[in-house]
Amino acid sequence: MIGLSLITLLGVGIRLLMMVLIQQRRERMNRQINERLRTLIAAYRTLGGSFTGDLTVDPRHRRELPAMTDAGTISPEDTSATTDAGVAAGSDRARRIRDAVEAALSDIILLGTEEHVRLAEQAARELVAGQRVHTHDLVVSLRNFIRKALDLDPIPSDLALPMQGPVRMQASGGRGKEDGKKEGSEKAGGGGGGAMNAGGDMAAMGGTGMDSHETTSPPGH
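Residues numbered from 1 in each chain as written. Predicted model: local features only at pLDDT ≥ 70, side-chain atom pairs only at ≥ 80, totals over all residues. Heavy atoms only, no water.

A. Molecular detail of the overall build of the protein chain. When helices and strands are counted, the protein chain shows 7 helices and 2 strands. For the protein chain, buried positions account for 22% of its 221 residues. Accessible surface, the protein chain: about 15,800 Å² in total, of which carbon and sulfur atoms supply 59%. (Helix = DSSP H or I, 4+ residues; strand = E, 2+ residues; numbered from the N terminus. Buried < 20%, exposed > 50% of the residue type's maximum accessible area, 1.4 Å probe, protein only. Areas by Shrake-Rupley, 256 points an atom, 1.4 Å probe, with all protein chains shown as cover.)

So this is what it looks like as structure tokens:
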């Protein structure tokens, strides 16, 4: 009986240990899958978050525009449209879009499938070569993979979805500066008002002290 009990306890212990190990491995795999899907969904939103406007990524930097103008790559007629208001490649929005797209491509190369990696590698090479890149093919591949991983029905074939491009970033530098200036002016105004109030209080206290001194002094003084 004692031997049978020991064998039974040993078998139950081994079974429990195996169940715990399998559960831990399953939880680890689920965390990895969730993190991978979360990253790919974020990349999909970055690469395909726009349906209108400029749906391509401009790889040029602002410092390249004067050199391109001097070399004759950009015509004088296009110089005003490129340098005055900072539109297209020279604007801060274009820089933000390019940086976000590059980060998304890096994540896809790290966690994407073979098809995703090939498309992301092609887009990265075009960016390095200074060519305008369209991300629609990569967006479609990501969309199909994510819907399949989430057990969703595929997109109906009779739908004519428009082409998708990188999401448009909002430049918040000017707004932040204006808020900072406004906050600074409010602080300065509050400080000035406090100083004026303090000065008025001191004047009032001084006047009260002089009046009390005059009322309590003898008539000869």
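Next comes the rest of the write-up.
B. Inspection of a nonpolar patch on the surface at higher detail. Taken together, the side chains of Leu10, Ile14, Leu17, Met18, Leu21 and Ile22 define a hydrophobic patch exposed on the protein surface, amounting to about 590 Å² of accessible area. Mapped onto the elements, Ile14 comes out in helix α1 (residues 2–47). On the basis of relative accessibility, which here comes to 48%, the residue Ile14 falls in the partly exposed class. (Patch = residues over 30% accessible without salt bridge, like charges linked within 9 Å, V, L, I, M, F, W, Y side chains within 5 Å. Salt bridge = Lys/Arg side-chain N within 4 Å of Asp/Glu carboxyl O.)

C. View of the environment of Arg38. Inspection of the secondary structure assignment puts Arg38 in helix α1. For Arg38 and Ile146, which are 108 residues apart along the polypeptide, the C-alpha to C-alpha distance reads 9.6 Å. Polar contacts involving the side chain of Arg38 include one to the side chain of Glu35, which spans 2.7 Å. (Polar contact = N/O pair within 3.5 Å; in protein donor to acceptor, adjacent residues only side chain to side chain.)

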